[in-house]
Amino acid sequence: MSDKNSMLPWPADDLSSYGPVESQPVGRIQQFVGRVMHRNWSLIPHVTHHDDADITGFEQRRKAWNAANPDRKRSLLAALVKASVAALQQYPRFNSALSADGTTLTARKYFHIGIAVDVPSGLLVPSLRDCDTKSIDAINEEIARISDKARTKGLSMAEMSGGCFTLSSLGHIGGTGFTPIINAPEVAILGICRTRGQFVPDAQGQPVLRQLLPLSLSYDHRVINGADAARFVRAIADWLNAYDFSG
């Protein structure tokens, strides 16, 4: 007897009967990524928290730094890596890993941050090691180097292993928010969209143009609750607001 709760088979339809088509095989990397994403989405109860970080002052300081230091420009993504480390240190539950059977939660004492890189063959996520001990300049250089390698030569499994927390940025394209899929055995991932200008009222109710950064935090609801997810995103925003570019 068939299981009434089993998943229906994939539709077998002759698409060419409706009009012209062209078929091509799915690349090996894309097939692997697809299997990983399917597993993670199917087995992890995802919840996504969306918030805007007001980075007006941060962006003013960053652009001033970059203008004064053209050979040491600092990217928003590198700063978000450091901000994520600070948030993980403040909320260590986000730096944990849940066992496959859901019975053991392992706390990591290191801070390796994954960076999702869009490549022609799919999506690769290199892991930047020990980001708590590296300067923002060193992280900036490492992001540029590893992203270029991912797009040109590819990455080894060792270079994509051991991550604690992942950043997935669409800021160079656009968007106002999305639901990134958690990279198991991590328990959270941060999605980043393009900074937008928006008028918001000041203390006197007058409209002031601010720079708002959309952040989307997907988290494993077996491990993380909604209130802590909101606090985690606020911690990232607070770190950016407090960051001193003189260092």
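The structure presented is a predicted model; accordingly, all values stated were derived computationally and were not measured.

Asks: Would you mind going over the nonpolar core with me for this structure?
Replies: For soluble globular proteins, nonpolar side chains are generally found buried alongside one another. Core analysis: the biggest nonpolar cluster contains 51 residues, and Ile113, Phe165, Leu167, Leu213, Leu217 and Phe232 have the highest contact counts within it. Tallying contributions element by element places helix α3 (residues 76–90) first for this core, with 9 residues. Setting aside its immediate chain neighbours within four residues, leucine 213 contacts Asp51, Asp52, Ala53, Ile55, Leu76, Leu80, Ile192, Cys193, Thr195 and Leu240.

Asks: What's the story with the UniProt feature "domain: 2-oxoacid dehydrogenase acyltransferase catalytic" (unreviewed entry) in the chain in this structure? I'm lost.
Replies: This chain's UniProt record puts "domain: 2-oxoacid dehydrogenase acyltransferase catalytic" (unreviewed entry) on residues 21–242. In residues 21–242, the share of helix is 35% and the share of strand is 25%. The end C-alpha atoms are 54 Å apart.

Asks: Please clarify how the packing of α3 against helix α4 (residues 136–152) should be interpreted in this entry.
Replies: How two helices pack is summed up by the angle between their axes together with the distance between the axes. Running from N to C, α3 and α4 point in directions that differ by 120 degrees, and their axes come no closer than 9 Å. Comparing their axes, α4 and α3 come out oblique. α3 and α4 meet at a crossing whose hand is right-handed. Only Ile136, Ile139, Asn140 and Ile143 of α4 make contact with α3, whose side of the interface consists of Leu77, Ala78, Ala79, Val81 and Lys82. Grouping the constituent residues of the contact of α3 with α4 by class yields 7 nonpolar, 1 polar and 1 charged.

Asks: I would appreciate a short explanation of the environment of aspartate 51 in the present structure.
Replies: Here aspartate 51 is to be found in strand β1 (residues 46–54). Aspartate 51 sits in the partly exposed class, given a relative accessible area of 24%. Those residues in contact with aspartate 51, other than ones at most four positions away along the chain, are Leu213, Pro214, Leu215, Val233 and Arg234. Within the local environment of aspartate 51, its side chain forms a polar contact with the side chain of arginine 234, the two groups lying 3.0 Å apart.

Cut-offs applied
- Residues numbered from 1 in each chain as written.
- Predicted model: local features only at pLDDT ≥ 70, side-chain atom pairs only at ≥ 80, totals over all residues.
- Heavy atoms only, no water.
- Core = buried A, V, L, I, M, F, W, Y, C linked by side-chain atoms within 4.5 Å.
- Buried < 20%, exposed > 50% of the residue type's maximum accessible area, 1.4 Å probe, protein only.
- Helix = DSSP H or I, 4+ residues; strand = E, 2+ residues; numbered from the N terminus.
- Contact = heavy atoms within 4.5 Å.
- UniProt positions renumbered as here; feature names shortened; annotations may be inferred.
- Axes fitted to C-alpha atoms, helices over the stretch in contact; angles between N-to-C directions.
- Parallel < 35°, antiparallel > 145°, perpendicular 65-115°, else oblique.
- Left-handed = near helix turned anticlockwise from the far one by under 90°.
- Nonpolar A, V, L, I, M, F, W, Y, C, P; charged D, E, K, R; others polar.
- Polar contact = N/O pair within 3.5 Å; in protein donor to acceptor, adjacent residues only side chain to side chain.

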